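Observations on the model geometry
Letter by letter, the chains look like this.
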Amino acid sequence: MNIDQIIDKVIEVEGGYSNHPADRGGPTRWGVTEDTARKHGYTGDMRHFPRSEAVAIYTRRYWHRPGFDRVGEFAPRLAAELFDTGINMGPAIAAGFLQRALNALNRNGGDYDDISADRIIGKKTIDALSRFLGKRGKSGEAVLLKAVEALQGERYIHLAEKRPANEAFLYGWLANRIG
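Residues numbered from 1 in each chain as written. Predicted model: local features only at pLDDT ≥ 70, side-chain atom pairs only at ≥ 80, totals over all residues. Heavy atoms only, no water.

The next thing to look at is the sheet that holds strand β1 (residues 17-18). Taken in spatial order, the 3 strands line up as β1-β2-β3 in an open sheet, and their pairing is antiparallel. The open sheet has two edge strands with one neighbour each: β1 and β3 (32-33). In terms of strand pairing, β1 meets strand β2 (residues 28-29) through 2 bridges, oriented antiparallel. Looking at β2, one finds that S18 is bridged to T28. (Pairing = 2+ DSSP bridges. Helix = DSSP H or I, 4+ residues; strand = E, 2+ residues; numbered from the N terminus.)

Right under this line is the structure:
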């Protein structure tokens, strides 16, 4: 999948306009919160927020800026998951999941050194990913994807336990964001 197809899939899951009373994000369209739209210069009613602006925000803020495009050069399915997780939880959280999973899967540093879980996709993260995939082959991406999704699922459950209003979203998060 290319980034346009990945964004289309996200927008399909996110749907159009929403303003759920339990959602701290407030008015949302195409999965973009009003706050995010405002930070990118949109001043209109969120019911009319253009899809093209959502695509531009997704591409810039959730694909290129966090470096998920660089992950995609090695592991496209993983990059798509990080992108989706980044939209839902924040790119830094998604990057941290990747770094934690890479550290846990490096066989006590035997395959490559631990990296800092600084939540930034930099050279060391990309190098660790490349070495991991070099050691584990094609199946490595699938296992790494499962590890990232496991961390994501645990976070969703934690969010629902911490704030009961989030239980309104938990089923959908697990159904649409994991696997």
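On we go.
Tallied over the full model, the rule gives 6 aromatic pairs. Note on Y156 and W173: the rings are 4.9 Å apart at their centroids and 20° apart in plane angle, and the pair reads as stacked. One end of the pair, Y156, is in helix α8 (residues 138-162); the other, W173, is in helix α9 (residues 167-177), with 17 residues separating them in the sequence. The buried category is assigned to W173, whose relative accessible area is 15%. By way of ring pairs, the aromatic residues Y58, Y62, W63 and F83 are connected into one cluster. (Phe/Tyr/Trp six-rings, centres within 6.5 Å; stacked < 30°, edge-to-face > 60°. Buried < 20%, exposed > 50% of the residue type's maximum accessible area, 1.4 Å probe, protein only.)

Our focus in this paragraph is helix α3 (residues 51-64). The end-to-end C-alpha distance of α3 is 19 Å, a good match for the 20 Å that 14 residues give at a rise of 1.5 Å each. For α3, the principal kink sits at Y58 and spans about 25°. Looking only at α3, the buried set comprises A54, V55, I57, Y58, T59, Y62 and W63. (Expected span 1.5 Å × (residues − 1). Bend = angle between axes of the 7 residues up to and from the residue.)

With that settled, the discussion passes to helix α1 (residues 3-14). With 12 residues, α1 extends 16 Å from end C-alpha to end C-alpha; this agrees with the ideal 16 Å at 1.5 Å per step. All buried positions along α1 are accounted for by I3, I6, I7, V10 and I11. For α1, the angular spread of buried residues about the axis comes to 135°, placing them on one side. Packing partners of the buried residues in α1 comprise α3 and α5 (76-89). A positive backbone phi angle near 75° is found at G15, which sits one or two residues after α1. (Arc of directions from axis to C-beta. Contact = heavy atoms within 4.5 Å.)

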